[in-house]
Amino acid sequence: MEWLWDCLSSIGFDFGFGDGVQVEGSFNKNVCFDASLKGSDIKISADKMTVSGDGSCLVKTALHQDRVYFEVLVTKAGEGKFRVGVCRVSGIKDKKDALNDLLGEEKLEDVSWALKSEQSTTLFAEGDTIGVTYDQSSGRPTLEFYHNGDKMPGCSIAGLSGLVCPAVGVTDGVELTGNFSMEEADFEFMPPQGFSGIIPSRSMI
């Protein structure tokens, strides 16, 4: 599949970020958290896959596919709360200080949609895997969430809008590790039927 992206990139294909969002000249083949799209108190691991601290952090790659699946591992449960979901690209490009908040709160309330750990009936623990499906195949996009492979009841979020990318938020000792692979075999749990991993796209700045 990568040969196709390289070919399209070489001829200047427009991947539709729009809204004035700039992109790097080459593809980001390793989808990961973006150090330029995080709260000031967020820490990102050297491999750019794990987030800790306080605030929110976005992934570089936007979701263009109709049906996408990704996972987030609770590496450390800590004593705080966390968010797992998506954030609208155009919602934060000019006000990155908003990422000092958690997804779905205050400055990010209208541009992000996420599972809120403290509002869920599920008791999360270290080692848990949260699966996320993003479906824009018919109508406005919808998010569904999975806990260790099982769909979480009452946690669907509908009516998303705009170009979004995966995002997380953490507080008080919580540490989350993303799995944004293209390959089904890399996931802890099988993606639901019809969903696949993130196809790497151009990186946002």
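Note that the structure is predicted; figures quoted are calculated from it, not measured. (Residues numbered from 1 in each chain as written. Predicted model: local features only at pLDDT ≥ 70, side-chain atom pairs only at ≥ 80, totals over all residues. Heavy atoms only, no water.)

1. Describing the overall build of the protein
On a plain count of helices and strands, the protein comes out with one helix and 14 strands. With 205 residues in all, the protein has 52% of them scored as buried. Considering only residue pairs separated by 6 or more positions, the protein has 71% of its internal contacts joining residues 24 or more positions apart. Here the protein displays about 9,600 Å² of accessible surface, and carbon together with sulfur accounts for 47% of that area. (Helix = DSSP H or I, 4+ residues; strand = E, 2+ residues; numbered from the N terminus. Buried < 20%, exposed > 50% of the residue type's maximum accessible area, 1.4 Å probe, protein only. Contact = heavy atoms within 4.5 Å. Areas by Shrake-Rupley, 256 points an atom, 1.4 Å probe, with all protein chains shown as cover.)

2. Some points on the layout of surface pockets
To find leftover empty space, a probe the size of one water molecule is rolled over the atoms. Taken as a whole, the largest pocket holds about 190 Å³ of empty space. What lines the largest pocket is a set of 14 residues, and nearest its centre among them are Leu115, Gln119, Ser120, Gly154 and Cys155. The biggest single contributor to the lining of the largest pocket is strand 7 (residues 112–116), with three residues. Residues belonging to the lining of the largest pocket are distributed by class as follows: seven nonpolar, six polar and one charged. (1 Å grid on protein atoms, 1.4 Å probe; cavity = no way out; pocket = protein on both sides within 12 Å on 5 of 7 lines; lining within 4 Å. Points joined across faces, edges and corners; volume = space filled by probe spheres on them. Nonpolar A, V, L, I, M, F, W, Y, C, P; charged D, E, K, R; others polar.)

3. A few points about the side chain of Asp135
In this fold, Asp135 is placed in strand 8 (residues 129–135). Residue contacts for Asp135: discarding those within four places in its chain leaves Asp66, Arg67, Arg140, Pro141, Thr142 and Phe195.

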